[in-house]
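So the chains spell out like this:
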Protein chains: 2
Amino acid sequence: MRPVTLAATQMACTWDTDANIAEAERLVRAAHASGAQIILLQELFETPYFCSEQDARFFDLARSAADSRVVQHFSALARELEVVLPISFFERDGPAFFNSLVVADADGTLLGKYRKTHIPQNPGYEEKFYFSPGDTGFGVIDTRFGRIGCGICWDQWFPETARSLALLGAEVLMFPTAIGSEPEAPELNSAPHWRRVMQGHAAANIMPLVASNRVGTETASRTEITFYGTSFIAGHTGEVLSDLEVESGVATATVDLDEIGQYRSYWGVFRDRRPERYGPLMTLDGHTRRS
Amino acid sequence: MRPVTLAATQMACTWDTDANIAEAERLVRAAHASGAQIILLQELFETPYFCSEQDARFFDLARSAADSRVVQHFSALARELEVVLPISFFERDGPAFFNSLVVADADGTLLGKYRKTHIPQNPGYEEKFYFSPGDTGFGVIDTRFGRIGCGICWDQWFPETARSLALLGAEVLMFPTAIGSEPEAPELNSAPHWRRVMQGHAAANIMPLVASNRVGTETASRTEITFYGTSFIAGHTGEVLSDLEVESGVATATVDLDEIGQYRSYWGVFRDRRPERYGPLMTLDGHTRRS
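Structure report, in brief.

What counts as what
Residues numbered from 1 in each chain as written. Chains lettered and ligands numbered in written order. Predicted model: local features only at pLDDT ≥ 70, side-chain atom pairs only at ≥ 80, totals over all residues. Heavy atoms only, no water. Helix = DSSP H or I, 4+ residues; strand = E, 2+ residues; numbered from the N terminus. Buried < 20%, exposed > 50% of the residue type's maximum accessible area, 1.4 Å probe, protein only. Contact = heavy atoms within 4.5 Å. Right-handed = clockwise from strand over helix to strand, strands pointing away. Pairing = 2+ DSSP bridges. Phe/Tyr/Trp six-rings, centres within 6.5 Å; stacked < 30°, edge-to-face > 60°.

### Quick notes on the environment of Gly-200 of chain B
Relative to the elements of secondary structure, Gly-200 of chain B occurs in helix 4 (residues 191-205). Given the relative accessible area of 6%, Gly-200 of chain B is considered buried. Sequence-wise, Gly-200 of chain B and Arg-147 of chain B are 53 residues apart; in three dimensions their C-alpha atoms are separated by 20 Å. In this structure Gly-200 of chain B touches Arg-196 and Gly-200 of chain A, once residues within four positions along its chain are discounted.

Here you go:
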C-alpha cells in the first residue's frame, strides 16, 4: 500500500499579486488540512492570464526561477507544510522567455525545471507571442510522495505528453491550466472536450491525473475571457474522482500508487507497445522522409 | 458540407458460421436501411472468440483474404448495398497467422489489408498464441464516403494507434472489438475504462470514432467470457453520439467530415506538435539508447 492524497486548487486572479499569492496560499493550506500531500496550483496564477493579448509590456513580468516571487513563496510553504507543490511561473532566461514550472518537494527543495513544450496561438490565447517552445523536453520528478509528471496547460491536449511522462515512469500526471471561453467564438464551450481528452490520458496510461484551472472573468483592453474552472482529479481508468465547478476551492482524492501500478502491469498495454511501428508519430504529417 | 452516416453493429456469435454470417448481414442491412454508409462489423465475427483458450486446432480456422468466407460474403454485400464495410478475419499467409482486416469499398473493391499491431495476452484473451504482431503498420483507406483509419480491438487501447492514423489523414477511426469479462478476475468490469480510452482518442485527434463489440456469453472447455457489447460512436470532442447496451443491434450517427476537419484545423493541436521532443515514444521504457 502506498496511498497518496492529491489536490487540485482553483481560483480567480487579479492584478493584485499580493492577493493572488494570499489566495493560493489559503487554498494550499486548505488542501493540506484535508490531508493532501501533492497539491496542484493553476498555471501562471501570479497575475491575470496576460496572454489574452499581445502586449510587449508584459515581458516585464518574467523572472528567473531564483528571482520568481511565487517560486520563493510557495517553496517555503511546501517546506512548512511538508507538501509537494508544482509552481507555474513566467520565466526569463537571458533573451528567452518560457512558460515554466518547478516542483517544490516536501522539504522545499526545488526539483527539475520544465518548460512548456506545446505553445498555443488562438484568439485570446496568444502564447506564441510570449513564449519559446520549451527546450527541456518531458521529465518526471521523484518527490517524497511519488514520481510525478507535469505538463503545462496546452500540453494536456497532446497524447504524446502523457505517454512520454508515463514511459519515463510517472505515477501521477499533473496539468496546471488557464482555459476558458473563446473571445472570437463565444458559442464554444470547450470544457467537456478538455476534460475528456485528459480522462483519456489517465485511462490510456492507467494513472491518476490532476488538472487545475483558473476561474473568473478577466477583461483586457480588447478581449474578455471567462475561465471555466471545472478542475478535477481522474483515477487510473479515467473516471472522475473529485472535481470543482466554477468556485474558488480545492478538490482532493486519495489513490494507492502501488495498487494502480500493479493494475498497470496486469493490463499489459506497456508490454505490448511496438515503437518500430510508430514512425508517423515522429513526423508532422504522418510521412517519414529522408532529411 | 460532407455528411456521412456511420454505424456500429453488435451481435452474439456461435459455432454455426452460417448463422453468424446471416445475423451480421441482417445488421448491415438494418444499418443501411437507417441511412448508414460506413458500417462497422465486430472483430472475428465468423466464429466465437476462439482466443479464450490456447488450442492448436483453431489454427484451421484461418484463411487467406482471397479464401475467407466472410471477406467474400461481405464484399459482395458492400457492392449490393453501396456501403463501406471493414471486414475482420483470421488470416493465414504461408506459415504465419494474423488478426487481420480488409475494407470493402462501396463498389465491393477490397482496399488495403491491415494486420493487428498490438496483440494481447491475458487470461481469456490468449492472442499471442495465435497471431504474430502485425507487419503492415498503420494505414488509412480512401473510401467512397471518407478516409477511414482502422485498428483492431487491443489496438484501441494505444494512443499511438489513433494518433498515427490521424497523422496519416484519417477522418474517422474504427475499431472492431471482442472484449468482455475477465475469466480470472470476475469482479472486474473494464467497459467504462474501455470506452473512456477511445473517447480520449476521438477527443485528442478531433475526429469521430466507431467501436463495435460482441455480446453474449461464450463457454469454452476451461473458460467462460461474457462480452459486454456497449458499442458506440463518439463525436470529435469525444462525446458519445450513439450507443448500444448488451442487445444485438445497430447504432448510427451522422457527422459532417468537412465541418469537423475545419474545427480540427482551428483548434491547432496538429500545428503545435513537436516530434523532436517525442523520443520516449520510440522506446519501451522512455529511455533512448544507442543500439
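Back to the write-up after that little detour.
### Quick word on the pairing of strand 8 (residues 172-176) of chain A
Residue and element names in this part refer to chain A. Of all five residues in strand 8, five are buried; the element is thus mostly enclosed. Here strand 8 shows two buried faces, one formed by Val-172, Met-174 and Pro-176 and the other by Leu-173 and Phe-175. On the question of chirality, the crossover connecting strand 7 (residues 146-150) to the parallel strand 8 by way of helix 3 (residues 159-167) is right-handed. The sheet contact formed by strand 8 and strand 9 (residues 209-212) spans four bridges and is parallel. What sits directly across from Phe-175, in strand 9, is Ala-211. A crossover connection joins strand 8 to the parallel strand 9 through helix 4 (residues 191-205); in handedness this β-α-β unit is right-handed.

### Some words on the packing of aromatic side chains
For any pair of aromatic rings, the description consists of the separation of the ring centres together with the inter-plane angle of the planes. Evaluated as defined, the whole model comprises 50 aromatic pairs over all chains. When the ring of Phe-90 of chain A is compared with that of Phe-131 of chain A, the centres are 5.3 Å apart and the planes differ by 90°; the resulting orientation is edge-to-face. Separated by 41 residues along the polypeptide, Phe-90 of chain A in strand 3 (residues 85-93) and Phe-131 of chain A in the loop between strand 5 (110-115) and strand 6 (140-143) bring together distant segments of the chain. Residues Phe-90 of chain A and Phe-131 of chain A agree in their burial class; the two are buried. Summarising the aromatic geometry, the rings of Phe-59 of chain B and Phe-97 of chain B are spaced 4.8 Å apart at their centres and angled 55° between planes, so their arrangement reads as tilted. Pair noted here: Phe-59 of chain B is in the loop between strand 2 (38-40) and helix 2 (69-81) and Phe-97 of chain B is in strand 4 (residues 96-104), with a separation of 38 residues, a long-range link. With respect to burial, Phe-59 of chain B and Phe-97 of chain B carry one shared label: buried.

All quantities given are derived from atomic positions and should not be read as evidence of function.
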